[in-house]
Amino acid sequence: MPALLRFDAVTPLRDATARWRDAGERIVLVPTMGALHDGHLALMAQARRIGRRVVASIFVNPTQFGPNEDFSRYPRDLETDLALLAAAGIDAAYLPDVETMYPPGFSTRIEVTGLTEGLCGAFRPGHFSGVATVVTKLVNQVRPDIALFGEKDYQQLQVITRTMRDLDIPVEIRGVPTLREADGLALSSRNRYLTPEERAIAPRLQSMLSRIARELVAGGQATGLVASGIAELKQAGFSPVQYLAVCDAETLAPVERVASPARVLVAAYLGRTRLIDNVEVVPEA
């Protein structure tokens, strides 16, 4: 297996990807903030299946964290991450620092309206502007044919898809289904913040979402199901529950009954840890 290439600057990275592109090789980008887990590795495996060359980026992006969020304590373990990428057969790791991404005088941000105004956007002002900006930079730096993102961050996936489409950036954005623990908890780097007691409670998030999805397919109305879901989470120990919503799968507009593909989405705190999750709702034909 070829050695994992490491880049921390744009020019040598672009030189490598240009050679691959000139050779007719499809390039897949998997952006990450590190602290890699099996969910990330599932993205890497999918990238290996669909592309000849795979670039994984590791960058904890300060512009998508609010002033009271966990940027300073976000888990970082670069050497372990690099070993996992090498074992997964990834061709290159892109490891920019903050000054590479945001050099002195940097003053541009991308704003996506509509999709960002509810759900996480209502509680994390500026978050999706930071996401849209950094992903646009990563795509422009790597110049991949395809970029992969997990569906756990579903609003983020929709925002990135819209950004690339609206700005005519020639990359295909693909979502990859959420990978879960055996008890249903969505894999996340932030799960390591949970105490053993909180970890035992955390799967209630997914079980509640799945129950609501089943009842929506059976003809249930979102308002009552959302109210019962919030009550269930609070009783289990989640506090605060920032949102629980039933939304159109593409526009993220709230829906009361499901007549086309939708998502049930939630964000709630368990102790100090903010957990998000969502499940797909597909109406019966």
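Read on for a plain summary of the structure. (Residues numbered from 1 in each chain as written. Predicted model: local features only at pLDDT ≥ 70, side-chain atom pairs only at ≥ 80, totals over all residues. Heavy atoms only, no water.)

## Regarding the overall build of the chain
Step number 1: When you go through the chain residue by residue, the secondary structure sums to 10 helices and nine strands.
Step number 2: For 285 residues, the compact-globule estimate of 2.2 N^0.38 gives 19 Å, and the C-alpha radius of gyration of the chain, at 19 Å, lies within 12% of that figure.
Step number 3: If one aligns the C-alpha atoms of the chain with their principal axes, the spans along those axes are about 55 × 40 × 40 Å.
Step number 4: By residue count, 53% of the 285 residues in the chain fall in the buried class.
Step number 5: By sequence separation, contacts in the chain at least 24 residues apart represent 72% of the contacts at least 6 residues apart.
Step number 6: When the accessible area of the chain is evaluated, it comes to approximately 13200 Å², of which 52% is carbon and sulfur surface.
Step number 7: Between the mean site of the 31 positive side-chain charges and the mean site of the 33 negative ones, the chain shows a separation of 1 Å. (Helix = DSSP H or I, 4+ residues; strand = E, 2+ residues; numbered from the N terminus. Rg over C-alpha atoms; globule rule 2.2 N^0.38 Å. Buried < 20%, exposed > 50% of the residue type's maximum accessible area, 1.4 Å probe, protein only. Contact = heavy atoms within 4.5 Å. Areas by Shrake-Rupley, 256 points an atom, 1.4 Å probe, with all protein chains shown as cover. Lys, Arg positive; Asp, Glu negative; His and termini not counted. Charge placed at Lys NZ, Arg CZ, Asp CG, Glu CD.)

## Things to note about the nonpolar core
Step number 1: Val55, Tyr94, Val135, Met164 and Ile173 are the most contacted members of the largest nonpolar core, which totals 43 residues.
Step number 2: Elements with a minimum of two residues in this core: α1 (10-22), β2 (27-32), β4 (92-94), α6 (127-142), β5 (146-150), α7 (154-166), β7 (241-248) and β8 (262-270).
Step number 3: In terms of residues, this core owes the most to one element, α6, which gives eight residues.
Step number 4: If you look at the next biggest cluster of nonpolar residues, it comprises 27 residues, including Ile212, Ala213, Ala236 and Val281. (Core = buried A, V, L, I, M, F, W, Y, C linked by side-chain atoms within 4.5 Å.)

## Overview of the sheet that holds strand β9 (residues 273-281)
Step number 1: Across the sheet, which stays open at both edges, the three strands sit in the order β7-β8-β9 with antiparallel pairing between neighbours. The open sheet is flanked by β7 and β9, the only strands paired with a single partner. Between one strand axis and the next, the sheet turns through 10° on average, direction left out of account.
Step number 2: Relative to β8, β7 runs antiparallel, the two being bridged by seven bridges. (Pairing = 2+ DSSP bridges. Axes fitted to C-alpha atoms, helices over the stretch in contact; angles between N-to-C directions.)

## Examining helix α2 (residues 38-50)
Owing to its 3.6 residues per turn, the α-helix aligns residues three or four sequence positions apart on the same side.
Step number 1: Here α2 contains 13 residues, and its C-alpha end-to-end distance of 18 Å stays within 8% of the 18 Å for a straight helix at 1.5 Å per residue.
Step number 2: Inspection of α2 places Gly39, His40, Leu43, Met44, Ala47 and Ile50 among the buried residues, and these make up the whole buried set. For α2, the arc enclosing every buried residue in end-on projection is 150°, short of the 170-degree limit, so these residues lie on one face.
Step number 3: Packing partners of the buried residues in α2 comprise β2, β3 (53-58), α3 (78-87), β5 and β6 (172-176). (Expected span 1.5 Å × (residues − 1). Arc of directions from axis to C-beta.)

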